[in-house]
Structures are given as structure tokens and as C-alpha cells.
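Examination of the molecular architecture
What follows is the residue order along each chain.
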Amino acid sequence: MKILVTGGTGFIGSHTCVKLLEAGHQVVIIDNLINSKKEIVAKIEILGKKSMEFYEGDIRDVNRLEEIFTHHNIDAVIHFAGLKSVGESVSMPLEYYDNNVNGTIQLLKVMKKFKCKKIVFSSSATVYGMNDNVPFEEDDPLSTTNPYGATKKMIEEIMQDLYVGDQDFAIALLRYFNPIGAHPSGLIGESPNGIPNNLLPYIAKVASGELEELSVFGDDYDTIDGTGVRDYIHIQDLAEGHIAALNYVQAQSGIEAFNLGTGEGYSVLQVIHAFEKASDQIVKYKVVPRRSGDIGSCYASTQKSKNILHWEAKLDLPTMCLDAWNYVQNGKKVNK
Ligand code: NAD
Ligand code: UDP
């Protein structure tokens, strides 16, 4: 199939594009490079052993999208493009609603115009909101606590309405848990700009000596050791989940949400210790008060994805940490 990947040079997009090329698909990327670099394109092509088309552009630019759909017979879209920082979304809500919600509406309009009606969308476990009733199941009630989460919930609702109005659409809403790790080659991975907000990139920078010490946000949750528990999933497993979702939308119309997680939760301290072991470095940390908006535990029920997508995560936490560390070390070599 010929697949348009929005946000294809980003963290999850780049790993998914490699899997798409490996699976024999043709890939066309649109990315405005607001949070990624063009040099990723060549790296994806090296790893996927095939070339692809890259369009620098914004999904809100209807002319650019129409140019792509005119030049390529796109069979399906995997839609990653979006802004993703919770904290930033609180201070810049209009930019988040415009980029994520308006951008998706423009994309869907162009898809409808060109009769391309298969889409896999990057949603997030954040749509389960402050619900602490783990494991989360796809039909649990949804709620949000910040503009970023609200954009994901809104887009899910827009897509539900789109399907009600046009039942030729085939839509997979993928609710990611906590993707970490990197491609085992060390060539692509997660490179957040500035000081990371997420746990794993922060730990990696402490282990490599770039940052002094990790702040552990609270040790008074009702969890194994009091620190927050999350469902970390290897980026390679997550990328595979998109191939499964693509097969699903290829086979039938409809709209379904799927959790992409491992179903297992690890605490912040467990992740620190796993990373120390993988990197053979000390990760210095101190416990500080809870981060506002955080919940104690968040992990997926994986039954629906197993049953319907025939997909499940395979890689364990030590492998996630090893690959994340390998990517950091490889980056150091390249930048020397
Ligand atoms: P990322 O920032 O690495 O990738 C997103 C890509 O989209 C970037 O390359 C960016 O340049 C591009 N982009 C942003 N706005 C665009 C626009 N208007 N037009 C064209 N390109 C645009 O993020 P990621 O971690 O790869 O996440 C991909 C998707 O998955 C996002 O929608 C994100 O919200 C969602 N998600 C991510 C996580 C996570 O922990 N990484 C968790 C849940 C959901
Ligand atoms: N966390 C932490 N210190 C940090 C970043 C995160 O203790 O510098 C904790 C956070 O409170 C949560 C877990 O690590 O329990 C995962 O946080 P992250 O921001 O990576 O993901 P999310 O909160 O979105 O699940």
C-alpha cells in the first residue's frame, strides 16, 4: 500500500516508517520539522533499505496536502503530526487546539475529497484522565486534565462523528501508553529539545552526565514503592502495533480504539534501577513533591489489541533501557 505518514520524522513516526518500508509499503511523509530534523529521512531509508518521499509541510496547509494526494494514490494515512507537551499545552492552548485539532480537520477534509478513507490516529492514554482504576480498558469513561489531552479526546470524537456521517471510513484510534527505547541500531531514537519532561529521556541525561540529578515526583502514591507506576512500551513494539492497525483498517470499515501498552506497570524507582543496570551508571535522584495532574498508576488492558489486532508487545524493560542507552551513546560518538 502507499501510506501517507504525517509527522513521519518524529520519534514514533520514524520507527514506524522503518517498519512500513520493511513490510513492503511505499511511504510518503509530510512533516513541518517543528520537532524533528530532515536528516532522519536518510536514516529511515538506511534502516528500511528503501527510499521514500518526503514533503516538508504543515498539515494545516490544505494546498500542500492536496498536492501530495494529487501526486500519489494514497491508500491510507498514519497520522502522528501534532504537538505533544502537556506543560506547553497549558501555556499555549490555542496553538495546541489549532495544530492538533484544526490540523486533523484539514487532513480529514482532504482525505474525504480524495476518497482516502483509512486512517490510523495517534491518540494517548491521557484520554483516560484522572481515572485511577487500572488496568484501563478501551470503553472506560474518558476525561482530560489539560489542553493536550483535550485535543486527543476531541479528535477521537471528531473521528467518531466522521464515521457516523460516512461509514466507508476505517479508523483505528491508538491509545499509546509510555513509549521509550530506540531502534536497536542506535541510529534513530528520541531526542527532545532542551530539558526533557518525560522520565526516560531525563534519566538518560542524568546517566550520561548531561544533567545533575533526577527529581522523582512523589513517593506517597499507593504503589509498590510509593512512586508513580506507568506502562512503558518499547518503541519497536509500538511501531509494530501500527502495522497491525493498518492491516485492521485495510480489512474493514468502522472505528475502534485500541490500547498500545504492555499491560505491565513499573514504578519510577524500578525504572531508575533498570536503567542503572543497563547503562552501568549511577542515576542520582531526589524525591520531591508530586507533579500536579499526575496519577499514581496507569497501565493498559491489552486484551482488545490482542484479540482484534492480533498484536502484543514483546520487549521487556531491560531491553527498553539498553536500547535507549545505546542511542545516547551512539549520538555521542556521532557528535564527537
Ligand atoms: P514527535 O514530536 O517526535 O513527532 C511529531 C512530529 O510531527 C514531529 O516530527 C513534528 O515536526 C511534526 N509536526 C507537528 N505538528 C505538525 C504539523 N502541523 N504539520 C506537520 N508536521 C507536524 O512526537 P512523537 O512522540 O513521535 O508523537 C507522535 C504522536 O503520538 C503525537 O501526535 C503525540 O501526541 C502522540 N503520542 C505520543 C506519546 C509519547 O509519549 N511520545 C504518547 C502518546 C501519544
Ligand atoms: N517522573 C518523575 N520525574 C521526572 C519525570 C517523570 O518522577 O522528571 C515520573 C512521573 O511522575 C510519572 C512517571 O515518571 O510517574 C512517567 O512520567 P512521564 O512524564 O514520562 O509520563 P506520563 O506522566 O505522561 O505518563
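Please refer to the structure higher up on the page.
Residues numbered from 1 in each chain as written. Chains lettered and ligands numbered in written order. Predicted model: local features only at pLDDT ≥ 70, side-chain atom pairs only at ≥ 80, totals over all residues. Heavy atoms only, no water.

Now for the overall build of the chain. Looking only at helices and strands, one finds 11 helices and 14 strands in the chain. Computed over its C-alpha atoms, the radius of gyration of the chain comes to 19 Å, within 12% of the 20 Å expected for a compact globule of 336 residues. Along the longest, intermediate and shortest principal axes, the C-alpha atoms of the chain span 55 × 45 × 40 Å. For the chain, the residues scored as buried account for 55% of the 336 residues in total. Sequence separation of at least 24 residues holds for 80% of the intrachain contacts in the chain that already meet a minimum separation of 6. Entry remark: accessible area of the chain is about 14,800 Å², with carbon and sulfur atoms responsible for 49%. (Helix = DSSP H or I, 4+ residues; strand = E, 2+ residues; numbered from the N terminus. Rg over C-alpha atoms; globule rule 2.2 N^0.38 Å. Buried < 20%, exposed > 50% of the residue type's maximum accessible area, 1.4 Å probe, protein only. Contact = heavy atoms within 4.5 Å. Areas by Shrake-Rupley, 256 points an atom, 1.4 Å probe, with all protein chains shown as cover.)

Attention now goes to helix H9 (residues 268-279). The end-to-end C-alpha distance of H9 is 16 Å, a good match for the 16 Å that 12 residues give at a rise of 1.5 Å each. When you tally the buried positions in H9, you get nine out of 12 residues, the bulk of the element. Residues Val-268, Leu-269, Val-271, Ile-272, Ala-274, Phe-275, Glu-276, Ala-278 and Ser-279 constitute the buried set of H9. Of the residues one or two after H9, Asp-280 is the one with positive phi, at around 60°. (Expected span 1.5 Å × (residues − 1).)

Let us look at the sheet that holds strand E9 (residues 229-230). As summarised here, the arrangement of the three strands in space is E12-E9-E14, forming an open sheet in which the pairing is mixed. Both outer strands of the open sheet, strand E12 (266-267) and strand E14 (297-298), are each paired with one neighbouring strand and no more. Direction of pairing for E9 relative to E14: parallel, over a ladder of two bridges. Residue pairing across strands places Val-229 opposite Ser-297, the latter belonging to E14. (Pairing = 2+ DSSP bridges.)

A few words on the site of ligand 1. Around ligand 1, the surrounding shell holds 26 residues, and the nearest of these are Asp-31, Asn-35, Ser-36, Lys-84 and Tyr-148. Its free accessible area being 820 Å², ligand 1 has 95% of it covered by the protein chains. Elements that contribute at least two residues to the shell around ligand 1 include exactly helix H1 (11-22), strand E5 (118-124) and helix H6 (147-165). Among the elements that make up the shell around ligand 1, the one with the highest residue count is E5 (three residues). (Near = heavy atom within 4 Å.)

Turning our attention to the packing of aromatic side chains. Any two aromatic rings considered together are summarised by their centre-to-centre distance and by the angle between their planes. Counted according to the given criterion, the structure contains six aromatic pairs. Ring centres of Tyr-128 and Phe-136 lie 4.8 Å apart, and the angle between their planes is 25°; on these two criteria the pair is classed as stacked. Judged by its relative accessible area of 0%, Tyr-128 is buried. A relative accessible area of 0% places Phe-136 in the buried class. Its guanidinium or amino end placed over the ring of Tyr-221, Arg-290 lies 3.9 Å from that ring's centre, counting from NZ or CZ. Across the ring face of Phe-258, the terminal group of Lys-304 is positioned such that the distance to the ring centre comes to 5.2 Å. (Phe/Tyr/Trp six-rings, centres within 6.5 Å; stacked < 30°, edge-to-face > 60°. Lys NZ or Arg CZ within 6 Å of the ring centre and 35° of its normal.)

Another aspect to go through is the site of ligand 2. Near ligand 2 lie 14 residues; those nearest to it are Leu-199, Ser-215, Arg-230, Arg-291 and Asp-294. One of the side-chain N or O atoms of Asn-198 is found 3.2 Å from an oxygen atom in ligand 2. Here ligand 2 has 520 Å² of accessible area as a free molecule, and 86% of this is covered by the chains. The element that contributes the greatest number of residues to the shell around ligand 2 is strand E8 (residues 214-217), accounting for four residues. Class assignment of the residues belonging to the shell around ligand 2 gives a composition of six nonpolar, five polar and three charged. (Polar contact = N/O pair within 3.5 Å; in protein donor to acceptor, adjacent residues only side chain to side chain. Nonpolar A, V, L, I, M, F, W, Y, C, P; charged D, E, K, R; others polar.)

The amide bond that connects Val-134 to the next residue, Pro-135, takes the cis arrangement and shows omega of -5°. Positive phi is not limited to glycine here, since His-310 has a value of about 55°. Among the structural elements, His-310 can be located in the loop between helix H10 (303-309) and helix H11 (317-335).

The next point concerns the environment of Ala-278. Along the polypeptide, Ala-278 turns up in helix H9. The spatial distance from the C-alpha of Ala-278 to the C-alpha of Leu-142 is 36 Å, given a sequence separation of 136 residues. Leave out the neighbours within four places in its chain, and Ala-278 touches Pro-318, Cys-321, Leu-322 and Trp-325.

Direction vectors running N to C along helix H5 (residues 93-113) and H6 enclose 20°, while the axes themselves pass 9 Å from each other. Comparing the axis directions of H5 and H6 gives the class roughly parallel. The crossing of H5 and H6 is right-handed. Along its contact with H5, which presents Pro-93, Tyr-96, Tyr-97, Asn-100, Val-101, Thr-104, Ile-105, Leu-108 and Lys-112, the element H6 presents Pro-147, Tyr-148, Ala-150, Thr-151, Met-154, Ile-155, Ile-158, Met-159 and Leu-162. (Axes fitted to C-alpha atoms, helices over the stretch in contact; angles between N-to-C directions. Parallel < 35°, antiparallel > 145°, perpendicular 65-115°, else oblique. Left-handed = near helix turned anticlockwise from the far one by under 90°.)

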